[in-house]
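Structural features, examined
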Amino acid sequence: MPMTRDYAATEPAREEVDALDGPTLLEFGASWCGHCIAAQPLLERTLGLHPQVRHIKIEDGRGRPLGRSYRVKLWPTLVFLRDGEEVARLVRPTDSGAIAEALGQIDPQT
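Residues numbered from 1 in each chain as written. Predicted model: local features only at pLDDT ≥ 70, side-chain atom pairs only at ≥ 80, totals over all residues. Heavy atoms only, no water.

**A short note on the packing of helix α2 (residues 34-47) against helix α4 (residues 96-106)**
The interhelical angle for the contact between α2 and α4, taken along N-to-C directions, is 40°, at an axis separation of 9 Å. Regarding the angle of α2 to α4, the classification is oblique. The chirality of how α2 crosses α4 is right-handed. Residues L42, L43, R45, T46 and L47 of α2 form the contact with α4, whose own contacting residues are S96, I99, A100 and L103. Each residue belonging to the contact of α2 with α4 can be placed in one class, and the counts come to six nonpolar, two polar and one charged. (Axes fitted to C-alpha atoms, helices over the stretch in contact; angles between N-to-C directions. Helix = DSSP H or I, 4+ residues; strand = E, 2+ residues; numbered from the N terminus. Parallel < 35°, antiparallel > 145°, perpendicular 65-115°, else oblique. Left-handed = near helix turned anticlockwise from the far one by under 90°. Contact = heavy atoms within 4.5 Å. Nonpolar A, V, L, I, M, F, W, Y, C, P; charged D, E, K, R; others polar.)

Take a look at the structure:
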C-alpha cells in the first residue's frame, strides 16, 4: 500500500480501527505542523520497504475523539498496530531507524 499523502479530515471510529486486520500505521498530525512536515521524508523512506502496512493519516486537534482515545498530545504521533492492537508508538520521530524498528514489529516479513 502506498504512503498516504494527505491527512484525513474525517476520522474512523475507534471500533473500526480496533477491528482492522494486519499491520497498520496511524499517523496523527496536521498539514501545517512543522514536526509533521519534517517527518514525511522519514516515513516515505521506511514505509516504502513495508508495502503491506496500511497507512492512515488523521488530522488531529482539540476534541477529536480518535486522537484522544490514543492519548495523543504531540504531533506527529505514530501508533503502530497489528490486528488493531497497539504494538509500538513514536512521538515526533527524528530518524528513520526508529520508524523502521517499529514497522518491523508489526510487519516482520520484510
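**Structural notes on the environment of Y7**
Relative to the helices and strands, Y7 resides in the segment before α1 (14-18). Counting along the chain gives 20 residues from Y7 to E27, while the straight-line C-alpha distance between them is 8.5 Å. For Y7, the contacting residues outside a window of four places in its chain are E27, F28, G29, A30, S31, C36, Q40, K57, I58 and E59.

**Quick look at the nonpolar core**
With 16 residues, the main nonpolar core has V17, L26, F28 and Y70 as its most contacted residues. For this core, the elements supplying multiple residues, two or more each, are β1 (23-29), β2 (54-59) and β3 (77-82). Apart from the residues lying within four places of it in its own chain, the contact partners of Y70 are R14, V17, D18, L26, F28, V79, L81, E86 and R89. (Core = buried A, V, L, I, M, F, W, Y, C linked by side-chain atoms within 4.5 Å. Buried < 20%, exposed > 50% of the residue type's maximum accessible area, 1.4 Å probe, protein only.)

**Details of α4**
Residues of α4 that are buried: I99, A102, L103 and I106. Each buried residue of α4 sits inside an arc of 100° when the element is viewed along its axis, so together they form one side. Packing partners of the buried residues in α4 comprise β1, α2, β3 and β4 (85-91). Capping of α4 at its N-terminal end is provided by D95; its side-chain oxygen lies 3.0 Å from the backbone amide nitrogen of G97. (Arc of directions from axis to C-beta. Polar contact = N/O pair within 3.5 Å; in protein donor to acceptor, adjacent residues only side chain to side chain.)

**Considering α2**
For α2, with 14 residues, the first-to-last C-alpha span of 20 Å sits near the 20 Å given by 1.5 Å per residue. The largest bend in α2 amounts to roughly 35° and is located at Q40, with the proline P41 lying one to four residues further along. By the burial criterion, the buried members of α2 are C36, A39, Q40, L42, L43, T46 and L47. Against β1, β2, β3 and α4 lie the buried residues of α2. (Expected span 1.5 Å × (residues − 1). Bend = angle between axes of the 7 residues up to and from the residue.)

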